[in-house]
Amino acid sequence: MGKIVTLNEFIVERQKDFPYAKGELSRLLSAIRLAAKVVNREVSKAGLVDILGAFGTENIQGEQQQKLDVYANEKFIAAMRAQGEVCGIASEENDDFVSFDSEFHKNSKYVVMIDPLDGSSNIDVNVSIGTIFSIYRRVSESGPATLEDFLQKGTEQIAAGYVIYGSSAMLVFTTGNGVNGFTLDPSIGVFCLSHPNMKVPKTGVIYSLNEGNYLHFPDGVKQYIKYCQKIDEPTNRPYTARYIGSLVADFHRNLIKGGIYIYPSTASAPKGKLRLLYECNPLAFVVEQAGGMATDGFGRIVEIQPTELHQRTPYFIGSPEMMEKAMQFMKEEGVPSSQEVVAGNDS
Ligand code: AHG
Ligand code: MN
Ligand code: MN
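Residues numbered from 1 in each chain as written. Chains lettered and ligands numbered in written order. Predicted model: local features only at pLDDT ≥ 70, side-chain atom pairs only at ≥ 80, totals over all residues. Heavy atoms only, no water.

**Focus on the coordination of the manganese ion (ligand 2)**
Part 1: Binding of the manganese ion (ligand 2) to the protein goes through Asp115 (OD), Asp118 (OD) and Glu279 (OE), at separations of 1.9 to 2.2 Å.
Part 2: Each donor residue of the manganese ion (ligand 2) belongs to the same chain, with the gaps between them written as D-x2-D-x160-E.
Part 3: Separating the manganese ion (ligand 2) and the manganese ion (ligand 3) is a distance of 3.8 Å, and Asp115 donates to both of them. One end of the pair, Asp118, is in strand S3 (residues 110–118); the other, Glu279, is in helix H8 (residues 276–289), and 161 residues separate them in sequence. There is no split in this pair, since Asp118 and Glu279 are both buried. (Donors = N, O, S within 2.8 Å, 3.2 Å for Na, K, Ca; no water. Helix = DSSP H or I, 4+ residues; strand = E, 2+ residues; numbered from the N terminus. Buried < 20%, exposed > 50% of the residue type's maximum accessible area, 1.4 Å probe, protein only.)

Okay, here's the thing in structure tokens:
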């Protein structure tokens, strides 16, 4: 058996890449690791909740049993609050950002953005779900976090990643020095380095999108889907369609096997569905660090200047050669006139 490297050992070792941070990043990632374990424990018994709930919906402390996405939100926020490193957190589950307004947090240097439970429609059916997170340095001086701290371009991320609660639980993240994946060994409750220096294959045979929305897609995406379905031996086409409906799980599979994930603008959702700050930017940082690409169909996701916390964007992410092809179709076919605003990225 080779040497086991735990997540803790890894982040302590990597801390030397961030001499200015004096252990701050280690403590922050430790908080994420802890909340991830707590959420994983709950996810793994999600099917039991109804059985247990038959005795009443309150737990032993008299608290209401909570939906898993609210539960995950609370656990991640609590873990962040308990550390002195974070002055605020923006979450899919909160309309406004949460500011940690106390003496303990007033000089904290970081803000976190989070989708605490991604793929929530899959909770009840035992399909993989996840958590997505993104960490920035605050831009305000001190005191409670301000909106400007959160409205930073993805290029400013100092760390980002995701947890996948799948057949095993994994934490995958980057601090800008490549991407590393850690698998939870449930027998000892420790994340161990299982996927060092992850690289996305340059090309693949998987395309992932919700094809039920086909008629509402931009022409460029329709043409790209036709391209994927065409028979062409040298390029291994037709490609394979795979769509789980949990962004984290679809992304994770494509990162390992090679592929492209698309959630484009649609007629009913002209800005797409996915959120820029806590879904698209963090995975964009990860994929770029793994040698892949993430765009809104035209330009890099991480270069979009956010104007709102819950801003949406069309999303294309995956293997670089597949991305180039899809973007070529977007460029050539353009978008229907009703979607021109999206193409200009005008939010
Ligand atoms: P969330 O559960 O955080 O709201 O995110 C769901 C997202 C994403 O995970 C997934 O890829 C997408 O919604 C699926 O949307 P459709 O059902 O429209 O395909
Ligand atoms: Mn989500
Ligand atoms: Mn969510």
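**A few points about the packing of helix H2 (residues 24–43) against helix H4 (residues 68–82)**
Part 1: Interhelical geometry of H2 versus H4 gives an angle of 155° and a closest axis separation of 9 Å. One way to sum up the angle between H2 and H4 is to call them roughly antiparallel. The crossing of H2 and H4 is right-handed. Along its contact with H2, which presents Leu28, Ala31, Ile32, Ala35, Ala36, Val38, Val39, Arg41, Glu42 and Val43, the element H4 presents Leu68, Tyr71, Ala72, Lys75, Phe76, Ala79 and Met80.
Part 2: In the contact of H2 with H4, the residues fall into 14 nonpolar, no polar and three charged. (Axes fitted to C-alpha atoms, helices over the stretch in contact; angles between N-to-C directions. Parallel < 35°, antiparallel > 145°, perpendicular 65-115°, else oblique. Left-handed = near helix turned anticlockwise from the far one by under 90°. Contact = heavy atoms within 4.5 Å. Nonpolar A, V, L, I, M, F, W, Y, C, P; charged D, E, K, R; others polar.)

**Some remarks on the sheet that holds strand S4 (residues 129–137)**
Part 1: Here we have eight strands laid out as an open sheet, ordered S2-S1-S3-S4-S5-S6-S7-S8, and mixed in their pairing. Each end of this open sheet is capped by a strand with a single partner; those strands are strand S2 (98–99) and strand S8 (190–195).
Part 2: Note: strand S5 (residues 159–165) against strand S6 (residues 169–174), six bridges, orientation antiparallel. Its bridge partner lying in S6, Ile164 is registered against Met170.
Part 3: Packing of H4 onto the sheet brings it into contact with strand S1 (86–91), S2, S3, S4 and S5, and relative to S3 it is tilted by some 160°. (Pairing = 2+ DSSP bridges.)

**A closer look at the sheet that holds strand S9 (residues 206–208)**
Part 1: In space, the five strands of this open sheet follow the order S10-S9-S11-S13-S12, with mixed pairing throughout. Each edge of the open sheet carries a strand with a single partner, namely strand S10 (240–241) and strand S12 (293–295).
Part 2: Pairing analysis gives two bridges linking S9 to S10, with the strands arranged parallel. Note that in S10 the partner of Tyr207 across the bridge is Ala241.
Part 3: Against the sheet, helix H7 (residues 247–257) engages S9, strand S11 (260–263) and strand S13 (315–318), with an angle of about 165° to S9.

**Quick look at the pattern of salt bridges**
Part 1: If you walk through the whole model with that rule in mind, you get ten salt bridges.
Part 2: Between Glu24 and Lys109 there is a salt bridge, and its shortest N-O distance comes to 2.7 Å. One end of the pair, Glu24, is in helix H2; the other, Lys109, is in the loop between S2 and S3, and 85 residues separate them in sequence.
Part 3: Residue classification places Lys109 among the partly exposed positions, given a relative accessible area of 32%. (Salt bridge = Lys/Arg side-chain N within 4 Å of Asp/Glu carboxyl O.)

**Some points on the nonpolar core**
Part 1: Core analysis: the largest hydrophobic core is formed by 42 residues, its most contacted members being Leu28, Phe76, Met80, Ile89, Ile135, Tyr165 and Phe173.
Part 2: Counting residues per element, this core draws most heavily on H2, which supplies nine residues.
Part 3: Beyond its immediate stretch of four places on either side in the chain, Ile89 contacts Ile77, Met80, Phe97, Val98, Phe100, Val112, Ile114 and Phe150.
Part 4: Formed by 41 residues, the second largest nonpolar core is a distinct cluster that contains Met113, Leu247, Tyr263 and Leu276. (Core = buried A, V, L, I, M, F, W, Y, C linked by side-chain atoms within 4.5 Å.)

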